[in-house]
Each structure stands twice: as C-alpha cells, then as structure tokens.
Amino acid sequence: MKETKTWVMLLPTILVISILFIIPLIYTVLLSLNFFSITSNQAISFNAYVDILTSSSFTDSLAFSLTIALISTVASILIAIVVSMTLRNTFIGRRLALFVYQFNIPVPHYVVGISILLLFTQTGLVSRWFYAFGLIASPSSFPVIVFDQNGIGVIIAFVLKFFPFIGIAILSLLLTSIKDYEEQAATLGANRIQRFIHVLFPMMMPSILFSSILVFAYAFGSYEVPFLLGSTYPKALAILAYQKFTDIDLNSRPEAMAIANIMTIIIVALVILAYIQLNTMNRMRARQNGKE
Amino acid sequence: MAKNRSRSRIPVLAVLYIAIIVPIIPILMWSFSFRWTYPNLLPTWSPRAWDYVFSQSSIISAIGASIIVSTLVTGLTLIIGYPAAKALGTREFKGKTIVEIFILLPAIVPVISAVMGMQGIYLRIYLSDSLLGVVLAQTVFTLPYLILGLAAVFKNYNMEYEQVASTLGADRWRVLTQVTVPSIFPGLVVSCLFAFVVSWSQYLLTLMIGGAAVNTLPLELFALMTSQDYPVACAVSIIFILPVLILLGLTSKYLTTNGVAKGGINQI
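Read on for an overview of the structure. (Residues numbered from 1 in each chain as written. Chains lettered and ligands numbered in written order. Predicted model: local features only at pLDDT ≥ 70, side-chain atom pairs only at ≥ 80, totals over all residues. Heavy atoms only, no water.)

What to know about the overall build of chain A
Now for step 1: In terms of regular secondary structure, chain A is built from 12 helices and zero strands.
Now for step 2: The linear arrangement of helices and strands in chain A, starting from the amino end, is α-α-α-α-α-α-α-α-α-α-α-α.
Now for step 3: Whereas a compact globule of 292 residues would reach a radius of gyration of roughly 19 Å, chain A reaches 24 Å, over 25% beyond that.
Now for step 4: Looking at chain A as a whole, 53% of its 292 residues qualify as buried.
Now for step 5: For chain A, long-range pairs separated by at least 24 residues make up 71% of all intrachain contacts whose partners lie at least 6 apart in sequence.
Now for step 6: Here chain A has roughly 13900 Å² of accessible surface; of this, 66% comes from carbon and sulfur atoms.
Now for step 7: Chain A carries 17 positive and 12 negative side-chain charges, and their two centres are separated by 12 Å. (Helix = DSSP H or I, 4+ residues; strand = E, 2+ residues; numbered from the N terminus. Rg over C-alpha atoms; globule rule 2.2 N^0.38 Å. Buried < 20%, exposed > 50% of the residue type's maximum accessible area, 1.4 Å probe, protein only. Contact = heavy atoms within 4.5 Å. Areas by Shrake-Rupley, 256 points an atom, 1.4 Å probe, with all protein chains shown as cover. Lys, Arg positive; Asp, Glu negative; His and termini not counted. Charge placed at Lys NZ, Arg CZ, Asp CG, Glu CD.)

And the structure:
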C-alpha cells in the first residue's frame, strides 16, 4: 500500500476553509476599504476606519468587550484550578461530581444566558428569594446585575460556561502525566504549596494557555450572550457591528466591516503570540528532559 | 494532611453544585408556569408551554431542521477533516504549526467577523438562503474542533497495525474499517460529538446565511426570547439540551479518561 502524500490529506480541509472562510474574510477587508464602491472614484478609502476609531461608541465597546473577556477568562482559570485540584482525589460521590462538572460543556452559551436572565433581573428568582427573606423591600432595591453597564450578567454566564471547559483539560492532565513528577517532588521534601508552584502549575500552563485562548476569543466575539444580557451602552463589539451591518443607512456597512476586521486582527494576533509562547515552553521542556 | 483536604473539599463541592444546579431551577419552573408575578416564589402552574411546544408545527419542524442540519454537518466535517486529522496526528512535516493555526482560525475568529463577508460571497455562489449553504457554513466552524480532537487521538495511535494489515493483503477500505476505526473509536465518537454540539448551537451563522429559508431550533428560541414568552422559551431550551446531555452521559467517561479535552490540548 502506497502512503498517501501529506498535502493530499490536508488539501480538502485547506480548500474548504480557504474558499468558505478565508475568501469571505478578504472580501470583508475589501468592503471595509470601500473597494467596490460605485459612488466614488477613489480606489480605496480608510474613512470607515477613521470614523470608527474616532467614535467613542466604538472605543467604549472595545474596552467593554476586552474587559469582559479578560475578567471571565481569568476568573474561569482560577475556579477551574481549584475545582480540578479538588476532584483529582478519590472520595465518595466523585462520579456524580465529575458529571456535574462536565454538565455545562455541551449546553449552549445562550441557554446559560437565559437562566442568568431569569435568575438575576430585578424581578428574577434571586430577587424573589431576597424579598421573601426580607433582605430587600422592593424589586428596585435589588442590585442591577443583568443589562448593567459593567456586564456582570454577561461575565457570570461566561464563567459558568468556561470554567468546566478549562477545568476538564486541567483535570485529565492531573489524573495522568503529572502524578509521577509530583510524587518525586514530594519524596524530595517539597510541601503542597511548593509542589503546586514549582511542579503542577508549570506543567498545567500549556493546557491552560490553549483553552484560555479559545475561551477569551469566544467571550470577546460573542453576539448571543450580550444580546440576551448586555446593556444598551456600551454595547459588546459584536452587537455594535451587527447593528451597523443591518442599519438602513448603507453607509454604515463599511464601518461594520471595519469593526469586524479590527476584531479579527486582535484575536489572530493574540493566538500567534500564544503559539510562540507555547513553542518556547515546549522547547524549554524538551531541553530540560534532554538534560536528565 | 488527608483530613485537611477533605475539609477544603466540601466548600469547593458546594460552590460547584450551586453554580451548575441553581441555573437549571428557573428554566424548569418557568417551563411549567402560566403566569409568575413578583414576588411569588412559585408560579401559577400550567402545562400550557409544553402543550404549545408539542402542538406548534413551527417548533416541531425546527427540531427536525436542526437534527438534519447538524447530522449532515457532522458527517461532512468527518469526511473532510479525517485525513487532515490523521496527517496532523501521525506525521511530522514542514510548516505543521502554520497549518495548525490555519485550521484553528474558524474556531477563534468571531462568527460576526466572518459572517458578513460570508453572506456576500455565499450570495454570489448561490449558497445563501439554502440548507446546503447553512450546512457548508457550519462545517467550516466545526472542522477545527473535529480535526484537533481527532489529531490528538491519532497521536496515541500505533501506525504499525495498519502496515501489518496491508502487508497481509488487506485493501485500504478493510484497513480503515477493521483496523483504524475500531482502535480509535472512543476518540472518534467524542470528536464527532464536539462537532455536532458546535453545529447544534449555532445561531448567528444560521440566521445570516440561511435567511428565512432555514429555521433551526436556536432561531426559534431567540424569537421566543425576543417576544418574552419565557414559559415556551424555557420548554424549548429543555428540549434543546436534552439530546446533548444524553450524548454526554454516553460519552462522559471518554472525556476525562482518554478523550479530546486531554489530547486536544496536550497536542499543541
């Protein structure tokens, strides 16, 4: 049996992604530069970018989306580490705990969003519980968690979705490859905190970095969750772009495309940085292994 | 030290259970409610929403459309992505990292960033407002999950069995069905499940590529949320996550022991 060439095996995937995804992205760039305009003779124009970058509604949205993505990613990582460290030991009821831990992974983000909406609006379920216990006198004294300017509701929904995703990656690592190293460190006299800082955490880093990038990108670009739970100002970037795209005024379309491209650039730059970081970590580990 | 651990375990477990189980409560209660005025702790119970869901033809046809779309997407993703996953998992070649980043792109570039241009291009090649267009568009976004998951499975796979089988005279088809597939089966199932779930929950992409022609369950759900019909929206949400949870129940043991989560991430 002759071996199939590598490029032949990769070709279908590369063709599909190129035609159905990369070409549309390039098309978006051309549209944002007014390339197909029939009204102006100018070849290309950066007006859409100038308009967008100087408008406070865009810069506020950019800050909003970046902040939300950063906070929900960091919070999810911390929770994921604590829960996974707990669930790696055997105890009664661990199987159920593992099932509960994985429960939200296949549940769509916006279904979690719907339950956050029903729980945390000022007339939501939690507000009713507070009222029943006499903690608040009326629904208006319940704190604004959903549709708020700080995006607290959006962050809660993201964290509930993300921490199991990052956590399962950490947990499966803890259950297999790391164990021997940790035992070795323990034999050499390292206490729990030293073992975590010098052995476990560095070994978890690649997993955490990779799953965090996926999670951060999702939170940064999500349309559905801010649609359900976000404030009217500042809007998440995806909402702002969609509204400009569907605006009756066709002139706002290049602006929508400009926002889309800025989002793409930010995310792709982050991923390339993360890959460089991952490669350095892998090389360092390979060198250390070589020494032993 | 053991005692110490169990003491810290209880609050962690409590937080975990509260975080996952409390959000299910309002969805269940609203789906059985008729009206639920403030500050009542319990709604006026009624099976109205469930009656409505099972009698409303638009919802039933949306369930059908979702099943058809996601099944086709998963199948197509597997056919296109399988060879690439095998190449990435079993071979070393020049430019591998670049290929990996390229394949990962649809999973990280926001849907909103890609979908505007996709709408324009798909319109030009007669793929918009059609089932085929939606299936192809979703396939792009499920490919990274399937390929990276399956590539990780192939990392722990011994190619020598295939060589032995073919030396003994097995043709390509027999090697695939009797050697390769059986030995990677659990990982294959989990990877396909990931692709199915990603497709099953697409909203914005289906809305903008399918137009009015393709009405899947997420579109129905967002219409209900926009009209603030919470009882029916919650009943639909439950129907929506049921098949996914059944699949999770069947495959959850693969997820932690030898599955995608571990391999997919270790691989890179």
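Focus on the overall build of chain B
Now for step 1: Helix and strand counts for chain B stand at 13 helices and two strands.
Now for step 2: Once the C-alpha set of chain B is aligned to its principal axes, its extents read approximately 70 × 65 × 35 Å.
Now for step 3: Among the 268 residues that make up chain B, the fraction classed as buried is 57%.
Now for step 4: In chain B, the share of contacts with a sequence separation of at least 24, taken over all contacts with a separation of at least 6, comes to 72%.
Now for step 5: Within the structure as shown, chain B displays about 11500 Å² of accessible surface, and the carbon and sulfur contribution to it stands at 67%.
Now for step 6: For chain B, the separation between the mean place of its 16 positive charges and that of its 9 negative charges on side chains is 13 Å.

Looking at the interface of chain A and chain B
Now for step 1: Contacts between the two partners involve 97 residues from chain A, matched on the other side by 96 residues from chain B.
Now for step 2: Summed over both sides, the interface of chain A with chain B buries roughly 8900 Å², with 78% coming from carbon and sulfur.
Now for step 3: The largest per-residue losses of area from chain A upon contact with chain B belong to Leu20, Phe21 and Arg128 of chain A, which jointly make up 8% of the total buried on that side.
Now for step 4: For the interface between chain A and chain B, the tally reads zero salt bridges.
Now for step 5: In this assembly, chain A and chain B are joined by 15 residue pairs in polar contact (both at pLDDT 80 or more).
Now for step 6: Looking at the side of chain A that touches chain B element by element, the count peaks at 17 residues for helix α1 (residues 6–32) of chain A.
Now for step 7: A per-class count over the side of chain A that touches chain B returns 65 nonpolar, 25 polar and seven charged. (Buried area = accessible area lost by both parts, 1.4 Å probe. Salt bridge = Lys/Arg side-chain N within 4 Å of Asp/Glu carboxyl O. Polar contact = N/O pair within 3.5 Å; in protein donor to acceptor, adjacent residues only side chain to side chain. Nonpolar A, V, L, I, M, F, W, Y, C, P; charged D, E, K, R; others polar.)

Considerations on unusual backbone geometry
Now for step 1: Along the chain, Tyr233 of chain A connects to Pro234 of chain A via a cis peptide bond; the corresponding omega equals -10 degrees.
Now for step 2: Assignment of secondary structure puts Pro234 of chain A in the loop between α10 (224–229) and α11 (237–245).
Now for step 3: Cis geometry is adopted by the peptide bond preceding Pro39 of chain B, which originates at Tyr38 of chain B and carries an omega value of -5 degrees.
Now for step 4: Among the structural elements, Pro39 of chain B can be located in the loop between β1 (33–35) and β2 (44–45).
Now for step 5: At Tyr126 of chain B, a position not held by glycine, the phi torsion is positive, near 55 degrees.
Now for step 6: Looking at Tyr126 of chain B, the relative accessible area reads 74%, which means it is exposed.
Now for step 7: Although it is not a glycine, Gln228 of chain B sits at a positive phi angle of roughly 55 degrees.
Now for step 8: For Gln228 of chain B, the location among the structural elements is in the loop between α11 (217–226) and α12 (230–257).

Observations regarding the pattern of salt bridges
Now for step 1: For the structure shown, the criterion picks out four salt bridges over all chains.
Now for step 2: Lys244 of chain A is paired through a salt bridge with Glu255 of chain A; the nearest N and O atoms lie 3.1 Å apart. Of the two residues, Lys244 of chain A sits in helix α11 while Glu255 of chain A sits in helix α12 (residues 252–291), which places them 11 residues apart along the sequence. This pair shows no difference in class: Lys244 of chain A is buried, exactly as Glu255 of chain A is.
Now for step 3: A salt bridge links Arg48 of chain B to Asp229 of chain B; the nearest nitrogen and oxygen atoms lie 3.2 Å apart. With a gap of 181 residues between them, Arg48 of chain B in helix α3 (residues 48–55) and Asp229 of chain B in the loop between α11 and α12 connect regions that are remote in the sequence.
Now for step 4: Under the relative-accessibility criterion, Arg48 of chain B is labelled partly exposed at 29%.

Considerations on the packing of aromatic side chains
Now for step 1: On inspection of all chains with the given rule, the structure shows 22 aromatic pairs over all chains.
Now for step 2: An angle of 80 degrees between the planes, with centres 5.5 Å apart, marks the rings of Phe130 of chain A and Phe142 of chain A as edge-to-face. Placement of Phe130 of chain A in helix α6 (residues 125–132) and of Phe142 of chain A in the loop between α6 and α7 (152–175) is noted, with a sequence separation of 12 residues between them.
Now for step 3: An aromatic cluster is present here, built from Tyr110, Tyr223, Phe227 and Tyr242 of chain A together with Phe196, Trp200, Tyr203, Phe222 and Phe240 of chain B joined pairwise through their rings.
Now for step 4: Geometry around Phe245 of chain A places Arg253 of chain A over its ring, the cationic atom sitting 4.2 Å from the centre. (Phe/Tyr/Trp six-rings, centres within 6.5 Å; stacked < 30°, edge-to-face > 60°. Lys NZ or Arg CZ within 6 Å of the ring centre and 35° of its normal.)

A closer look at a nonpolar patch on the surface
Now for step 1: Nonpolar side chains collect at one region of the surface, where Trp129, Phe130, Phe133 and Leu135 of chain A together with Ile25, Leu28, Phe32, Leu41, Leu42 and Trp45 of chain B lie side by side and expose about 1000 Å² of accessible area between them.
Now for step 2: When contributions to the nonpolar patch are tallied by element, the ones reaching two or more residues are α6 of chain A together with α2 (24–31) of chain B.
Now for step 3: Structurally, Phe133 of chain A can be placed in the loop between α6 and α7.
Now for step 4: With relative accessibility at 70%, the residue Phe133 of chain A sits in the exposed group. (Patch = residues over 30% accessible without salt bridge, like charges linked within 9 Å, V, L, I, M, F, W, Y side chains within 5 Å.)

Observations regarding the environment of Phe32 of chain B
Residues and elements named next belong to chain B.
Now for step 1: Residue position: Phe32 is located in the loop between α2 and β1.
Now for step 2: In this structure the C-alpha to C-alpha distance between Phe32 and Val53, which are 21 residues apart in sequence, comes to 12 Å.
Now for step 3: Ignoring anything within four residues of it in the chain, the contact list for Phe32 reads Thr44, Trp45, Ser46 and Trp50.

Remarks on the packing of helix α3 (residues 56–87) of chain A against helix α9 (residues 192–221) of chain A
Residue and element names in this part refer to chain A.
Now for step 1: Close contact between α3 and α9 brings their axes to 9 Å; oriented N to C, the two are set at 140 degrees. The handedness of the crossing between α3 and α9 comes out as right-handed. Judged by residue contacts, Leu62, Ser65, Leu66, Ala69, Leu70, Ser72, Thr73, Ile77, Ile81 and Met85 of α3 engage Phe196, Leu200, Phe201, Met204, Ile208, Ser212, Val215, Phe216, Ala219 and Phe220 from α9. (Axes fitted to C-alpha atoms, helices over the stretch in contact; angles between N-to-C directions. Left-handed = near helix turned anticlockwise from the far one by under 90°.)

A few points about the packing of helix α8 (residues 160–167) of chain B against helix α9 (residues 172–200) of chain B
All names here are of chain B.
Now for step 1: Closest axis-to-axis distance for the α8/α9 pair is 10 Å, and the angle between their directions is 140 degrees. It follows that α8 is oblique to α9 by the angle criterion. For the element pair α8 and α9, the recorded crossing hand is right-handed. Of the residues in α9, those in contact with Tyr161, Glu162, Ala165 and Ser166 of α8 are Val175, Val179 and Thr180.
Now for step 2: Here the contact of α8 with α9 is built from residues that sort into four nonpolar, two polar and one charged. (Parallel < 35°, antiparallel > 145°, perpendicular 65-115°, else oblique.)

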